[in-house]
Amino acid sequence: MKSNYHFNRNQLFALASLILLSPIMRLFPSAAADNAHQAAALSAPAAIPVMLIYIYFITHLMDARHEGEGLAELSLRFLGEKAGKAALFIMSAWLLLYGGFILRAGADRLISTIYPYSTPPFFIVSMGIICIIAALGSARTIVRTAKILLPFVFGLIIFILIFSFFSISKENLLPITIDDTLPVLKSSLAAVDVLSAIIYFICFFAAFMPKKEHSFRDYSLWTCLMVLLISSLCIAVVGNFGAELTSNLVWPFFSLVRNLIFFNSLERIEALAVSLWIFPDFMLVSMLIYSAQHCLRLALGENIPIYNGEKLFSMEKKRWVIPLCGVLTIICGSLIAPSAAILDLWSKRIIPVINFIFAFLFIPGIYFYGKAKKKL
């Protein structure tokens, strides 16, 4: 592998921070308010103990990798030829399914907020094609693009949060009592869901990083910062709208943006905010397609299925798998939820359940099998 296709942990965390915004805006703070009501802001902090345990596991797992290995290569080595390839096919199927879901959810957000007379296929296909082109390049390009975009997107979030705090009503956030403990713990599952997913997603890119780049301390710090972000969003939205209204809003953050007035003159920047959220969707789907095709090419016998300077549309070294994965993602996005009600079911039930199976059963199963076979 050419060294100029490597990147470091800080760049990878920039990608992780950006792509996390896509599921956060879909699930928070409506899901937290639905369960924990005025205590919604405590949902994400309640997830920290579970996430620290998971981070300890995932960093310990990635410490076992060899130089040039990511989660896909490590899984193949741990499980052996037959079981390893089967696991890679399963991983790629999940990544493409999740990518299709993100395309569908992103289309729903655009239609619900600024394009009410549009239909999902246009947004799904157009975004999917752009993501295919990104996946045909190098993983480093995806990571560096995320690092460039991150300040703009996070700058807008901070700008909105600052102004939203001026109109918070404390009656919407208090009182919080001991009776809120169980609802808060229940709502913390949504935070565990999105944080755990992003953490193991970025492990597929570990092949492009030095072996010692996985640190429990750094992953934990990143998680705590993201928890702070989620809690701030909950405080801003629930503090302005109240828990009952928040739980009934489809995209509460963008509803908050719609109702804010800046400097007594600037208002209705919702279109700008929604448009900027195309970037987290784009980066997440591009990463998922790249990771899925990496798994598939590895399972099909390509020993080093990485971009190494090939022409962008070259199909050598089984690169035909990349557009195939992109097309499958677009098909998933087009078929996954024909109505808003079904999309809500996928968002709150089906996708979280599959993710929990992967994060807490499938990947640990690979680890413990490799440990039993003394391949650590």
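In the block above lies the structure referred to throughout.
Residues numbered from 1 in each chain as written. Predicted model: local features only at pLDDT ≥ 70, side-chain atom pairs only at ≥ 80, totals over all residues. Heavy atoms only, no water.

1. Brief notes about the overall build of the protein
Part 1 of the reasoning: The number of helices and strands found in the protein is 16 helices and two strands.
Part 2 of the reasoning: For the protein, whose C-alpha radius of gyration is 20 Å, the value lies close to the compact-globule estimate of 21 Å for 376 residues.
Part 3 of the reasoning: In terms of overall dimensions, the protein has a C-alpha envelope of 60 × 45 × 35 Å along the principal axes.
Part 4 of the reasoning: For the protein, the residues scored as buried account for 58% of the 376 residues in total.
Part 5 of the reasoning: For the protein, the share of sequence-separated contacts (at least 6 apart) that also reach a separation of at least 24 residues comes to 83%. (Helix = DSSP H or I, 4+ residues; strand = E, 2+ residues; numbered from the N terminus. Rg over C-alpha atoms; globule rule 2.2 N^0.38 Å. Buried < 20%, exposed > 50% of the residue type's maximum accessible area, 1.4 Å probe, protein only. Contact = heavy atoms within 4.5 Å.)

2. Some details on the state of the cysteines
Part 1 of the reasoning: For the structure shown, the criterion picks out zero disulfides.
Part 2 of the reasoning: Of the cysteine sulfurs around Cys-203, a residue in no disulfide, the closest is that of Cys-295, at 12 Å.
Part 3 of the reasoning: With no disulfide of its own, Cys-325 has Cys-295 as its nearest cysteine by sulfur position, at a separation of 9.0 Å. (Disulfide = S-S within 2.5 Å.)

3. What about unusual backbone geometry?
For residues besides glycine, phi is generally negative; the peptide bonds are generally trans as well.
Part 1 of the reasoning: Between Phe-28 and the following residue, Pro-29, the backbone shows a cis peptide bond with an omega angle of -5 degrees.
Part 2 of the reasoning: The step from Leu-174 to Pro-175 runs through a cis peptide bond, and the omega angle for that step is 0 degrees.
Part 3 of the reasoning: Residue position: Pro-175 is located in the loop between α8 (139-165) and α9 (181-202).
Part 4 of the reasoning: Despite not being glycine, His-37 has its phi angle at roughly 55 degrees, a positive value.
Part 5 of the reasoning: Along the chain, His-37 falls in the loop between α2 (30-36) and α3 (43-46).

4. Notes on the packing of helix α14 (residues 278-299) against helix α15 (residues 321-335)
Part 1 of the reasoning: One can describe the packing of α14 onto α15 by two numbers: an axis separation of 9 Å at closest approach and a directional angle of 125 degrees. Accordingly, the angle class assigned to the pair α14 and α15 is oblique. Between α14 and α15 the crossing geometry is right-handed. Packed against α14, whose contacting residues are Val-285, Ile-289, Ala-292, Gln-293, Leu-296 and Arg-297, the element α15 presents Val-321, Ile-322, Cys-325, Gly-326 and Thr-329 at the interface.
Part 2 of the reasoning: Among the residues forming the contact of α14 with α15, the class breakdown is seven nonpolar, three polar and one charged. (Axes fitted to C-alpha atoms, helices over the stretch in contact; angles between N-to-C directions. Parallel < 35°, antiparallel > 145°, perpendicular 65-115°, else oblique. Left-handed = near helix turned anticlockwise from the far one by under 90°. Nonpolar A, V, L, I, M, F, W, Y, C, P; charged D, E, K, R; others polar.)

5. Observations regarding helix α16 (residues 340-372)
Part 1 of the reasoning: Taking 1.5 Å of rise per residue, 33 residues should cover 48 Å, and α16 covers 45 Å from first to last C-alpha, within 8% of that figure.
Part 2 of the reasoning: Roughly 45 degrees is the biggest bend found in α16, and it falls at Trp-346.
Part 3 of the reasoning: Two residues or fewer after α16 comes Lys-374, characterised by a positive phi angle close to 55 degrees. (Expected span 1.5 Å × (residues − 1). Bend = angle between axes of the 7 residues up to and from the residue.)

6. Observations concerning the packing of helix α5 (residues 71-79) against α14
Part 1 of the reasoning: Where α5 contacts α14, the two axes come as close as 9 Å, and the packing angle between them is 35 degrees. As α5 runs across α14, the sense of the crossing is right-handed. Contact residues: α5 offers Ala-72, Glu-73 and Leu-76, while α14 offers His-294, Cys-295 and Leu-298.
Part 2 of the reasoning: Partitioned by chemical class, the residues of the contact of α5 with α14 number four nonpolar, one polar and one charged.

7. Focus: the environment of Glu-310
Part 1 of the reasoning: Mapped onto the elements of the fold, Glu-310 is located in the loop between α14 and α15.
Part 2 of the reasoning: A C-alpha to C-alpha distance of 9.3 Å links Glu-310 and Leu-136, two positions 174 residues apart in sequence.
Part 3 of the reasoning: Not counting residues up to four positions away in its chain, the partners in contact with Glu-310 are Glu-316, Lys-317 and Arg-319.

8. Some words on the pattern of salt bridges
Part 1 of the reasoning: Within the structure shown, the criterion is met by six salt bridges.
Part 2 of the reasoning: Here Glu-81 makes a salt bridge to Lys-85, at a shortest N to O gap of 2.8 Å. One end of the pair is Glu-81 and the other is Lys-85, both in helix α6 (residues 81-113) and four residues apart, which spans about a single turn.
Part 3 of the reasoning: The salt bridge partner of Asp-281 is Arg-109, with a shortest N-O separation of 2.6 Å. Here Asp-281, found in helix α14, pairs with Arg-109, found in helix α6; they are 172 residues apart in sequence, far enough to count as distant.
Part 4 of the reasoning: Judged by relative accessible area, which is 4%, Asp-281 ranks as buried.
Part 5 of the reasoning: Residue Arg-109 is classed as buried on the basis of its relative accessible area of 2%. (Salt bridge = Lys/Arg side-chain N within 4 Å of Asp/Glu carboxyl O.)

9. Things to note about the environment of Leu-185
Part 1 of the reasoning: Mapped onto the fold, Leu-185 is located in helix α9.
Part 2 of the reasoning: Residue Leu-185 is classed as partly exposed on the basis of its relative accessible area of 44%.
Part 3 of the reasoning: Each C-alpha atom of the pair Leu-185 and Pro-45 lies 9.6 Å from the other, and the pair is 140 residues apart in sequence.

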